[in-house]
Amino acid sequence: MITISVGDAGLYAVAILLLFLTPGPVWVALTARCLQSGFSGGWPLALGVAVGDCLWPLLALLTLTQFAQIHAELLESLRFLAVAVFLMLGVQLIRAPVVAPE
């Protein structure tokens, strides 16, 4: 079980807020959408970004450890699936014709 103090959670929330306020591609997309179609076109994008910004850190805090403990056999089978995919890619790479660079 992961333990985090209230102070650490507050610092994390402030860091996420600062990251959210930093201009980036989402700001450009939101500005373009609002300039194109007004509030009615911009609010769904803003809501989706806000929900995503809240859910992603929450999932990161909860970690995948709990999922791994519950579904260990699924992860084991996925490991063997990954090995099969890499073997298939290797065979295809070996069998591919050699092409001279131009």
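Residues numbered from 1 in each chain as written. Predicted model: local features only at pLDDT ≥ 70, side-chain atom pairs only at ≥ 80, totals over all residues. Heavy atoms only, no water.

**Q** Help me out: how do you make sense of the overall build of the chain in this one?
**A** On a plain count of helices and strands, the chain comes out with five helices and zero strands. Counted from the first residue to the last, the chain has its helices and strands arranged as α-α-α-α-α. Reported as C-alpha extents along the three principal axes, the dimensions of the chain are approximately 55 × 50 × 25 Å. The buried share among the 102 residues of the chain stands at 4%. As displayed, the chain has an accessible area near 8,900 Å², and 77% of this comes from carbon and sulfur atoms. (Helix = DSSP H or I, 4+ residues; strand = E, 2+ residues; numbered from the N terminus. Buried < 20%, exposed > 50% of the residue type's maximum accessible area, 1.4 Å probe, protein only. Areas by Shrake-Rupley, 256 points an atom, 1.4 Å probe, with all protein chains shown as cover.)

**Q** Is there a simple way to explain the packing of helix α1 (residues 6–21) against helix α3 (residues 39–62) in this structure?
**A** What describes two packed helices is the angle between their axes and the distance between those same axes. Interaxial distance between α1 and α3 falls to 12 Å at its minimum, and their mutual angle equals 145°. Relative to α3, the crossing made by α1 is right-handed. Two secondary-structure elements touch here, α1 through Y12, I16 and F20 and α3 through V49, D53, P57 and L61. (Axes fitted to C-alpha atoms, helices over the stretch in contact; angles between N-to-C directions. Left-handed = near helix turned anticlockwise from the far one by under 90°. Contact = heavy atoms within 4.5 Å.)

**Q** Would you take a moment to explain the pattern of salt bridges for this structure?
**A** Opposite charge on two side chains allows them to pair when their charged atoms are near. Evaluated as defined, the whole model comprises one salt bridge. We note a salt bridge from E76 to R79, for which the minimum N-O separation is 2.4 Å. A residue pair is termed a helical-turn pair when its members lie 3 or 4 positions apart in one helix, as E76 and R79 do in helix α5 (residues 72–95) at three residues. A residue is classified by how much of its surface remains accessible, and E76, at 35% relative accessible area, is partly exposed. (Salt bridge = Lys/Arg side-chain N within 4 Å of Asp/Glu carboxyl O.)

**Q** I tried to follow the packing of helix α2 (residues 25–37) against α3 on my own but got confused; where do I start?
**A** Running from amino to carboxyl end, α2 crosses α3 at an angle of 155°, the nearest separation of the two axes being 7 Å. Classified by the interaxial angle, the pair formed by α2 and α3 is roughly antiparallel. Contacts from V26, A29, L30, R33, C34 and S37 of α2 reach α3 at F39, S40, G41, G42, L45, A46 and V49. (Parallel < 35°, antiparallel > 145°, perpendicular 65-115°, else oblique.)

**Q** Is there a simple way to think about the packing of aromatic side chains in this case?
**A** Geometry of an aromatic ring pair is reported as the spacing of the ring centres plus the angle between the planes. Taken as a whole and assessed by the stated rule, the structure comprises zero aromatic pairs. If you follow R79 out to its NZ or CZ, it ends over the ring of F80, 5.2 Å from the centre. (Phe/Tyr/Trp six-rings, centres within 6.5 Å; stacked < 30°, edge-to-face > 60°. Lys NZ or Arg CZ within 6 Å of the ring centre and 35° of its normal.)

**Q** Any chance you could explain the layout of surface pockets here in plain terms?
**A** Here the idea is plain: a probe the size of a water molecule rolls over the atoms and shows the empty space left. When its volume is computed, the largest pocket comes out at roughly 280 Å³. Sorting the residues of the lining of the largest pocket by element identifies α1, α2 and α3 as the ones contributing at least two each. Tallied by class, residues from the lining of the largest pocket come to eleven nonpolar, two polar and one charged. (1 Å grid on protein atoms, 1.4 Å probe; cavity = no way out; pocket = protein on both sides within 12 Å on 5 of 7 lines; lining within 4 Å. Points joined across faces, edges and corners; volume = space filled by probe spheres on them. Nonpolar A, V, L, I, M, F, W, Y, C, P; charged D, E, K, R; others polar.)

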